[in-house]
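Examining the three-dimensional arrangement
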Amino acid sequence: MVLSGDTTLSENVIKHGTGADVIVHNVIAFSDRLSQMPEMKGVLAKLTTPEQAAEVFKRAKPKLAVYSHIVTKELQGKKGEDQIIDRTRAAGYDGPLLMGVDRMVLEIAGDVKVLPPRSLDDLPNLDSKGQPFP
């Protein structure tokens, strides 16, 4: 498994991700309005667009690509996720691709198996010192 961290298109991620079971990659997408604003260029220079991620995935050819650290501005919820996936596909990546969710489990044992997040219902709430709330 290869984790991109916060980066734009990175030859290093491609190099180490080539043939990997999973690449977990950050991604950012703005609304059309925000994409036109000059002050957003600095943010786009630090994180990966769907088009850049598509290039990484096309070249590295992982068994599964997963988006994490998903930054959407004015594209919240399903609308933002759909736009990210659509832009990735339009840029030419047609392999396995998932939007990561909190507590998602990826099990790698030959094949890659995606397990849904476990419920938090049976976990105690902890304060900042690691103690259960009364």
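Let us look at the structure shown here. Residue positions within a chain follow its written sequence, with the count starting from 1. Under the rules for a predicted model, residues below a pLDDT of 70 receive no local features and side-chain atom pairs below 80 are neither given nor counted, while totals for whole chains, interfaces and linings still include all residues. No hydrogens and no water enter the side-chain calculation; it runs on all heavy atoms of the structure.

1. Remarks on helix 5 (residues 77-90)
Put simply, the rule reads: Secondary structure elements follow DSSP: runs of H or I of four or more residues count as helices, runs of E of two or more count as strands, with numbering from the N terminus. Residue count minus one, scaled by 1.5 Å, sets the expected span of a helix. Exposure categories follow from relative accessible area, calculated using a 1.4 Å probe and restricted to protein chains: below 20% of the type maximum is buried, above 50% is exposed, and the middle band is partly exposed. For this quantity, the arc is that covered by the directions from the helix axis to the C-beta atoms. Contact criterion: two residues are considered in contact whenever any of their non-hydrogen atoms come within 4.5 Å of each other.
With 14 residues, helix 5 extends 20 Å between its outermost C-alpha atoms, agreeing within 8% with the 20 Å of an ideal straight helix rising 1.5 Å per residue. Of all the positions in helix 5, only Gly80, Ile84 and Thr88 are classed as buried. One side of helix 5 holds all its buried residues, which, seen down the axis, span an arc of 70°. In helix 5, the exposed positions that point more than 90 degrees away from the buried face belong to Lys78, Lys79 and Ala90. Looking at the packing, one finds that the buried side of helix 5 touches strand 2 (22-30), helix 4 (50-60), strand 3 (64-73) and strand 4 (97-99). At the exit of helix 5 stands glycine 92, carrying a positive phi of roughly 105°.

2. Observations concerning the pattern of salt bridges
To keep it simple, the criterion reads: When a carboxyl oxygen of Asp or Glu lies within 4 Å of a side-chain nitrogen of Lys or Arg, that pair is called a salt bridge.
One pass over the structure, following the stated rule, counts seven salt bridges. Arginine 59 is paired through a salt bridge with glutamate 11; the nearest N and O atoms lie 2.7 Å apart. Here the residue arginine 59 occupies a position in helix 4, and glutamate 11 occupies one in helix 1 (residues 11-17), the gap between them amounting to 48 residues. Arginine 59 sits in the partly exposed class, given a relative accessible area of 37%. For glutamate 55, the salt bridge goes to arginine 59, with nearest N and O atoms at 3.9 Å. Note that glutamate 55 and arginine 59 are positioned in helix 4 at a spacing of four residues, about one turn of the helix. Connected through salt bridges with shared partners, the residues Glu11, Glu55, Lys58 and Arg59 form a single ionic network.

3. Describing a nonpolar patch on the surface
Our working rule: Patch definition: residues above 30% relative accessible area lacking any salt bridge, with like charges linked at up to 9 Å and the nonpolar side chains Val, Leu, Ile, Met, Phe, Trp and Tyr linked at up to 5 Å. Each accessible area value is a Shrake-Rupley result obtained with a 1.4 Å probe; residue values ignore everything except the protein chains displayed when judging cover.
On the surface, a nonpolar cluster with roughly 300 Å² of combined accessible area is contributed by Met1, Leu3 and Ile108. Within the element layout of this structure, methionine 1 appears in the segment before strand 1 (2-3). Looking at methionine 1, the relative accessible area reads 52%, which means it is exposed.

4. Structural notes on the packing of aromatic side chains
As a reminder of what qualifies: Ring pairs shown here join Phe, Tyr and Trp side chains whose ring centres sit within 6.5 Å, with only the six-membered ring taken for Trp; geometry is labelled stacked below 30 degrees between planes, edge-to-face above 60, and tilted in between.
The final tally for this structure, using the stated rule, is two aromatic pairs. Measuring from ring centre to ring centre gives 5.7 Å for phenylalanine 57 and tyrosine 67, while their planes differ by 50°; the resulting arrangement is tilted. With phenylalanine 57 in helix 4 and tyrosine 67 in strand 3, the pair connects residues that are 10 residues apart, well separated along the chain. A relative accessible area of 0% places tyrosine 67 in the buried class. When the ring of phenylalanine 57 is compared with that of tyrosine 93, the centres are 5.2 Å apart and the planes differ by 55°; the resulting orientation is tilted. Pair noted here: phenylalanine 57 is in helix 4 and tyrosine 93 is in the loop between helix 5 and strand 4, with a separation of 36 residues, a long-range link.

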